[in-house]
Amino acid sequence: MPAGPRTRPWERRAAGGLAEVALGVGVALGFTAWGSSIDESPVTRAGQVSALAALQLRFALVALPLLVLVAVTTVHGPATRRRMVLRGSCAAVAGLVTGLLGAGQVYALRGTPWPLAGLSGDDGRLILMAREVIANGATHSFYPPLVPYLMAAGVQHLGVAEPAFVLRQLLIGAVALTGPLTYAAWRLSVRPLAALCLAAVAGLPQFLPYKSYSALALLLLLPLLVRLLTWLRVSRGLSLRGALGRGVALGAASGLVFLLYSGWHVWAVPGAAVAVLACFPWRGGRRRLGGPAVLLGGAGAAFLLVAGRYLWVLLHAVTVKDSYCSLVTLTQPGYFGPLPLSAALWDQPGVWPPLGEFAGLGVFMVVLVVGAAAAVWLGLSRPLVVAPLAVLAGAWLARFWIASHLARDQASQLFPRTANVVQVCLAVLLVAAALLVLERGRALVRLVRQDDSHPRPVAPVPHRFGAVGVLLGVALVGAMSGSALTDAYLPQGPNSPTAGSLAWNAQQIRLPDGQCPAFADGGRCGSPARTGPLPADVDYATSTPSPDFARQCVYPWQRKARAS
């Protein structure tokens, strides 16, 4: 019989990678949809406890078979099967961890079609922008346009009655997909277990269900930059066609992330530029610059093709003065730890930010700093270290530069958001340090075992069930943190100062048909949302009027004292 067409290596790798991504996405969305089958009341504490326990039980029922499968194939399976099972299990766990968060949001919003924050805050602005697109065909705002246009498309082409209903699904979907998409982005550069650890350690602390698309955009930036630096290092050995294809793929992906949420690019671009210059293959003469130039040129051209129009709009808005002063703005600028989920913590002088155990620093922050130092020590030449280190430095300097002029310029210019960039960079450096330590440890063991002068043979590092241990650790952390983070956003009474007020408010908004959500307090709810076309003479990204900066940018207890 004639031989069938042979599959080329890159085609096999691409097919395996797509299958890996599809599995992670399927697990994430499937577990999220499973949350809709929980029939407990989301507004009573007994119902919330029962639902949280049900989510944990379901998580275990999915995770345990994966662990057993990996353990069995480790002992009995051939190498090819072991690799296949490990890749699939890592992708599945990545989807399972954020699928648990998505299922928690589905339960928190049970009985209401409105998004988590209802019609207030950033959600309210996105809804106004989507209605502007529906009425006028476009939005003139300089806010990232991808989410509003998707909301408008849901109303115009899918028959959804209200753009807010589309936003609810988009936010829950972004929460669920953060794990598998971030894992897939890291898989471009590292192996499955490392990609899983990077996605979990960097991603879980950024959980933000009422603005989940922004956290997703932040977590995708670094792996894309690491991949660019890796290809740039070897670009002299690539064909021009290969360099162009790689550059176009990365540029298009970065453009989509930019359209999803562009704020992180402001802090990442300076460091990314330095990282590109540091990894550029300068040696070898001008004749061999074709590959690097085509790679970077293709990336830039694809980025502009996807996001150039919006970039032009954003550049014309750089002179806009951001006078919004939140409680986060008043935190001492050297604090990069987690932010409170309760406004009550801000109302007492001296409570926030808390003083940590080590000279004001928390233990986890000390671990992050030690990890960053170890990563620099062991792998400063690696793109996995260069990229987060450069972005960290740029965001660090920009933060203190803007904050140092806060009182003089009467503008915050979003500098508090650099804390998220710093957190993600430090988390990536911590995982990078762990990977480098393991790599050096294995090399040292091999070196000692080859030394004939050693009096006794050195036992190899026990790593037969290392994959099972890593998967178990990530699954346990994902399950416990997922329960804690979900609980923080469950509905909590009227006028609650906690994050639970977001879901509570979403349960109290009257539907367009005049009915109240199923779990509205006492069966009563607020006025229906406005659904008519809106004028296009205001920028819905910055339209909320704010009081005088000097009066607004004070601590709550100072504000109360002035009022009295």
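Residues numbered from 1 in each chain as written. Predicted model: local features only at pLDDT ≥ 70, side-chain atom pairs only at ≥ 80, totals over all residues. Heavy atoms only, no water.

A. How the structure looks around the overall build of the protein chain. Per the secondary structure count, the protein chain includes 19 helices and 0 strands. Across the 564 residues in the protein chain, those meeting the buried criterion constitute 47%. Taking contacts inside the protein chain between residues at least 6 apart in sequence as the whole, the part at least 24 apart equals 74%. As displayed, the protein chain offers around 27,800 Å² of accessible surface, 66% of which is attributable to carbon and sulfur atoms. (Helix = DSSP H or I, 4+ residues; strand = E, 2+ residues; numbered from the N terminus. Buried < 20%, exposed > 50% of the residue type's maximum accessible area, 1.4 Å probe, protein only. Contact = heavy atoms within 4.5 Å. Areas by Shrake-Rupley, 256 points an atom, 1.4 Å probe, with all protein chains shown as cover.)

B. Spotlight on a nonpolar patch on the surface. A contiguous nonpolar surface patch, about 300 Å² in accessible area, is contributed by L256, L305 and V306. If you trace the backbone, L305 turns up in helix α11 (residues 290–315). (Patch = residues over 30% accessible without salt bridge, like charges linked within 9 Å, V, L, I, M, F, W, Y side chains within 5 Å. Salt bridge = Lys/Arg side-chain N within 4 Å of Asp/Glu carboxyl O.)

C. Geometry of the state of the cysteines. Scanning the model with the defined rule gives 1 disulfide in all. The residue that forms a disulfide with C516 is C525, at a sulfur-sulfur distance of 2.1 Å. Given an S-S torsion of about -80 degrees, the disulfide between C516 and C525 has left-handed geometry. We classify C525 as buried; its relative accessible area is 14%. Free of any disulfide, C90 has its nearest neighbouring cysteine sulfur in C197, separated by 8.2 Å. Accessibility expressed as a relative area gives 0% for C90, which makes it buried. In this structure C197 comes out as partly exposed when scored by relative accessible area, which is 21%. (Disulfide = S-S within 2.5 Å.)

D. Quick peek at the nonpolar core. Formed by 134 residues in total, the largest nonpolar core has its most connected members in F59 and W186. Counting residues per element, this core draws most heavily on helix α8 (residues 212–233), at 15 residues. Ignoring sequence-local partners within four residues, the contact set of W186 consists of A195, L198, A199, L222, P223, V226, L384 and V428. Counting 6 residues, the second largest nonpolar core, distinct from the first, contains L259, F303, A307 and Y310. (Core = buried A, V, L, I, M, F, W, Y, C linked by side-chain atoms within 4.5 Å.)

E. Molecular detail of the pattern of salt bridges. Counted according to the given criterion, the structure contains 8 salt bridges. Between E20 and R187 there is a salt bridge whose closest N-O contact spans 2.9 Å. With E20 in helix α1 (residues 9–34) and R187 in helix α6 (residues 163–187), this pair connects stretches of sequence that are 167 residues apart. Judged by relative accessible area, which is 6%, E20 ranks as buried.

F. Representation of helix α3 (residues 79–108). Over its 30 residues, α3 extends 43 Å from the first C-alpha to the last, a length consistent with the 44 Å expected when each residue adds 1.5 Å. Of all 30 residues in α3, 22 are buried; the element is thus mostly enclosed. (Expected span 1.5 Å × (residues − 1).)

G. Examining the packing of aromatic side chains more closely. What the rule picks out here adds up to 14 aromatic pairs. Ring centres of F31 and W34 lie 5.6 Å apart, and the angle between their planes is 80 degrees; on these two criteria the pair is classed as edge-to-face. Separated by 3 residues within a single helix, F31 and W34 lie in helix α1, roughly one turn from each other. Ring plane angle 25 degrees and centroid distance 5.0 Å describe the contact between F336 and W396, whose orientation is recorded as stacked. In this pair, F336 sits in the loop between α11 and α12 (363–379) while W396 sits in helix α13 (residues 383–404), placing the two residues 60 residues apart along the sequence. Judged by relative accessible area, which is 5%, F336 ranks as buried. Overall, W396 belongs to the partly exposed group, its relative accessible area being 39%. Of the aromatic side chains, those joined through ring pairs into one cluster are Y143, Y213, Y261 and W264. (Phe/Tyr/Trp six-rings, centres within 6.5 Å; stacked < 30°, edge-to-face > 60°.)

H. Looking closely at the environment of L119. Tracing the backbone through its elements, the reader meets L119 in the loop between α3 and α4 (121–136). Taking the C-alpha atoms as reference points, L119 and I509, separated by 390 residues in sequence, lie 8.6 Å from one another.

I. Examining the packing of α8 against α13 more closely. Axis separation between α8 and α13 bottoms out at 9 Å; the angle between their running directions is 125 degrees. It follows that α8 is oblique to α13 by the angle criterion. Two packed elements cross with a definite hand, and for α8 against α13 that hand is right-handed. In this structure, α8 uses L222, L225, V226, L229, T230 and R233 to contact α13, whose residues at the interface are P383, L384, V386, A387, P388 and V391. Each residue belonging to the contact of α8 with α13 can be placed in one class, and the counts come to 10 nonpolar, 1 polar and 1 charged. (Axes fitted to C-alpha atoms, helices over the stretch in contact; angles between N-to-C directions. Parallel < 35°, antiparallel > 145°, perpendicular 65-115°, else oblique. Left-handed = near helix turned anticlockwise from the far one by under 90°. Nonpolar A, V, L, I, M, F, W, Y, C, P; charged D, E, K, R; others polar.)

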